[in-house]
Amino acid sequence: MDTYILGIESSCDETSASVVKNGRDVLSNVINTQIDIHKLYGGVVPEIASRNHIQNISEVVKMAIKEANIEFENIDAVACTYGPGLVGALLVGLSYGKALSFALDKPLIGTNHIEGHIAANYITYKELKPPFLCIMMSGGNTQIIHVKDYTEFEVLGRTRDDAIGEAFDKVARIMDLGYPGGPKIDELGKNGQATIELPKTHFENLDFSFSGIKTAVINLHHKNPDINKADLCKSFEKTVSEILIQNVKKAITQTGIKTIVLAGGVSANSYIREEFFKLENAKAYMPDLKLCTDNAAMIASAGYYNYLAGKISDLTLNAVPDLVL
Ligand code: KG4
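**Student:** Explain the sheet that holds strand β5 (residues 108-112) to me, please; I cannot follow it from the model alone.
**Tutor:** The pairing of strands in a sheet comes from backbone hydrogen bonds and takes either a parallel or an antiparallel form. Spatially, 5 strands are ordered β3-β2-β1-β4-β5 in an open sheet, and the strand pairing comes out mixed. In this open sheet, the two edge strands, each paired with only one partner strand, are β3 (25-33) and β5. For this sheet, the mean inter-axis angle between neighbouring strands, taken without regard to orientation, is 20°. With 8 bridges joining them, strand β2 (residues 14-21) and β3 adopt antiparallel strand pairing.

Shown next, in the form of structure tokens:
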């Protein structure tokens, strides 16, 4: 029998709802992004994000049900992001999901946003199954994760300072490229040459650091405002890719696992994607571009595997802004 999960996502500046069948088939994925509102301020303003989620959530969920061509009664469970993210933003989607779960008498599945980013790959690649190594690259997270099973994870390494997406956004801001910075660097970098030497931090273990390279770019730009921005973007992307790939190679040696899965907003970066596809002796997977950044289909997919594992939440579930895997 088919299982239909309604996913709800509101952890940052996207209000999204989706219906996914059997964890892999997306019947609808409605995403209302607030980028145009927050770009006026150069970044996400939490209070404004929460208010917009409140305005949008009801319509977005109704549209997701309508586009999926089903009725609310056909839903088997409601999967909601409950962390990590902005607390006020998370509370909107979670409260809506809790109310829906109670009203429909369907199970509530509190879903970790990071698990959602990983699950975006199950939608893109119907054949993909754990175990694999995941390199999580989002606005708030950078981690190498051993995905042992659909709901079993071990974090092997993490950033000690900035998340990779944060570094992209700050570097873009200093160059006046606008918000969100990652896609702007991606576009501009396509016209540049990686001619500028930037620092890389190494650790004995699988941890990362991105604050050194970020500060180096900021200093270079301050000292020489006429620097070729396209070259700086390309050099930044190249150095960041080298940092990522070096750690992934170490993780492959350490675990013997050769299936590498990218996840999170920065996995949309065209330079990084190409570099990972070139990996020798390993196979790289990465989500469809539209599934790299925040969306509810990935939450519904992760929710499906938690549903199968019997990981049902109760209605006392609260938002956890600093939730980890
Ligand atoms: O995963 P995500 O949508 O949100 C979090 O869960 O954090 O990631 C957002 C991050 C932002 O820092 C954004 O600049 C970055 O992903 N991003 C990119 C690209 N598209 C989005 N970074 C580099 N290249 C891109 N094409």
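Right, picking up where we left off after that structure.
**Student:** Before we go on, may I ask you to explain the pattern of salt bridges in this structure?
**Tutor:** Any two side chains of opposite charge can pair if their charged atoms end up close together. Considering all chains together, one arrives at 12 salt bridges under this definition. Between K238 and E242 there is a salt bridge, with its nearest N and O atoms 3.0 Å apart. Of this pair, K238 and E242 both sit in helix α8 (residues 229-255), 4 residues apart, which is roughly one turn of that helix. E242 sits in the partly exposed class, given a relative accessible area of 27%. Several salt bridges share partner residues, and in doing so they unite K200, K238 and E242 into one network.

**Student:** Can you help me understand unusual backbone geometry in this one?
**Tutor:** The omega angle of the peptide bond from G83 to P84 is -10°, so this bond is cis rather than trans. Note the cis peptide between Y179 and P180, where omega equals -10°. For P180, the location among the structural elements is in the loop between α5 (164-174) and α6 (181-189). We note that N281 has phi near 60°; this positive angle belongs to a residue other than glycine. Considering the arrangement of structural elements, one finds N281 in the loop between α9 (270-277) and β10 (283-285). According to the relative accessible area criterion, N281 is exposed, its value standing at 64%.

**Student:** Whenever I open this one, the site of the ligand confuses me. Can you help?
**Tutor:** The environment of the ligand is made up of 18 residues, and the closest members are H113, G139, D169, D186 and G265. In this structure, an oxygen atom belonging to the ligand sits 2.7 Å away from a side-chain N or O atom of D169. With respect to the ligand, the side chain of N269 contributes an N or O atom lying 3.1 Å from a nitrogen atom. A majority-of-atoms criterion places the ligand in the largest pocket. Listed by contribution, the elements that provide at least two residues to the shell around the ligand are α4 (113-124), α5 and α6.

**Student:** How should I be thinking about α8 in this particular structure?
**Tutor:** Within an α-helix, residues lying three or four positions from one another point in the same direction, as the helix has 3.6 residues per turn. With 27 residues, α8 extends 39 Å from end C-alpha to end C-alpha; this agrees with the ideal 39 Å at 1.5 Å per step. Two residues or fewer past α8, G256 is found with a positive phi of approximately 75°.

**Student:** I tried to follow the domain arrangement of the protein chain on my own but got confused; where do I start?
**Tutor:** Annotation of the protein chain at the domain level lists domain 1 (4-119 + 292-308) and domain 2 (130-287). On a C-alpha basis, the centres of domain 1 and domain 2 stand 26 Å from each other. Across the contact, 17 residues belong to domain 1 and 21 residues belong to domain 2. Taken together, the two surfaces of domain 1 and domain 2 that pack against each other cover about 1400 Å², and 73% of this comes from carbon and sulfur. At the boundary of domain 1 and domain 2, one finds 0 salt bridges.

**Student:** Looking at this structure, I do not really get helix α7 (residues 211-223). What am I missing?
**Tutor:** With 13 residues, α7 should reach 18 Å at 1.5 Å per residue; the first-to-last C-alpha distance of 18 Å fits that figure. Taken as a whole, α7 has its buried residues at I213, K214, A216, V217, I218 and H221. Where the residues of α7 are buried, they touch α5 and α8.

**Student:** Hey, could you run me through the packing of aromatic side chains in this one?
**Tutor:** Any aromatic ring pair is given by two values, namely how distant the centres are and how the planes are angled relative to each other. For the structure on display, the rule yields 8 aromatic pairs. Consider the rings of Y122 and F132, whose centres lie 6.2 Å apart with planes at 65°: the pair is edge-to-face. You can see Y122 sitting in helix α4 and its partner F132 sitting in strand β6 (residues 132-137), a full 10 residues away along the chain. The burial state of Y122 is the same as that of F132; both residues are buried. Aromatic side chains Y150 and Y305 sit 3.9 Å apart centroid to centroid with 5° between the ring planes, which places their arrangement in the stacked category. Placement of the pair is Y150 in the loop between β7 (142-149) and β8 (152-158) and Y305 in helix α11 (residues 296-308), with a sequence separation of 155 residues.

**Student:** Would you take a moment to explain the nonpolar core for this structure?
**Tutor:** It is characteristic of soluble globular proteins that their nonpolar side chains tend to be buried jointly. Of all hydrophobic cores here, the largest spans 70 residues; its most connected members are I135, F210, F236, V240, L244, I260 and F276. With 10 residues, the top contributor of residues to this core is α8. When residues of this core are sorted by domain, at least three fall in each of domain 1 (4-119 + 292-308) and domain 2 (130-287). Counting residues in each nonpolar core, the second largest holds 26 residues, with A64, V78, Y82 and L104 among its members.

**Student:** Which parts of the structure should I look at to understand the sheet that holds β10?
**Tutor:** One open sheet holds the 5 strands; their spatial order is β8-β7-β6-β9-β10, and the pairing between them is mixed. Of all strands in the sheet, those bounded by a partner on one side alone are β8 and β10. Averaged over all pairs of adjacent strands, the angle between strand axes in this sheet comes to 25°, irrespective of strand direction. Note: β6 against strand β9 (residues 259-263), 4 bridges, orientation parallel. Opposite M136, over in β9, you have A263 as the bridge partner. Relative to the sheet, α8 contacts β6, β7, β8 and β9, its axis offset from that of β6 by approximately 155°.

The rules behind each value
Residues numbered from 1 in each chain as written. Predicted model: local features only at pLDDT ≥ 70, side-chain atom pairs only at ≥ 80, totals over all residues. Heavy atoms only, no water. Pairing = 2+ DSSP bridges. Helix = DSSP H or I, 4+ residues; strand = E, 2+ residues; numbered from the N terminus. Axes fitted to C-alpha atoms, helices over the stretch in contact; angles between N-to-C directions. Salt bridge = Lys/Arg side-chain N within 4 Å of Asp/Glu carboxyl O. Buried < 20%, exposed > 50% of the residue type's maximum accessible area, 1.4 Å probe, protein only. Near = heavy atom within 4 Å. Polar contact = N/O pair within 3.5 Å; in protein donor to acceptor, adjacent residues only side chain to side chain. 1 Å grid on protein atoms, 1.4 Å probe; cavity = no way out; pocket = protein on both sides within 12 Å on 5 of 7 lines; lining within 4 Å. Sits in = over half its atoms within 2 Å of the grid points. Expected span 1.5 Å × (residues − 1). Domains from an automatic or database assignment. Contact = heavy atoms within 4.5 Å. Buried area = accessible area lost by both parts, 1.4 Å probe. Phe/Tyr/Trp six-rings, centres within 6.5 Å; stacked < 30°, edge-to-face > 60°. Core = buried A, V, L, I, M, F, W, Y, C linked by side-chain atoms within 4.5 Å.

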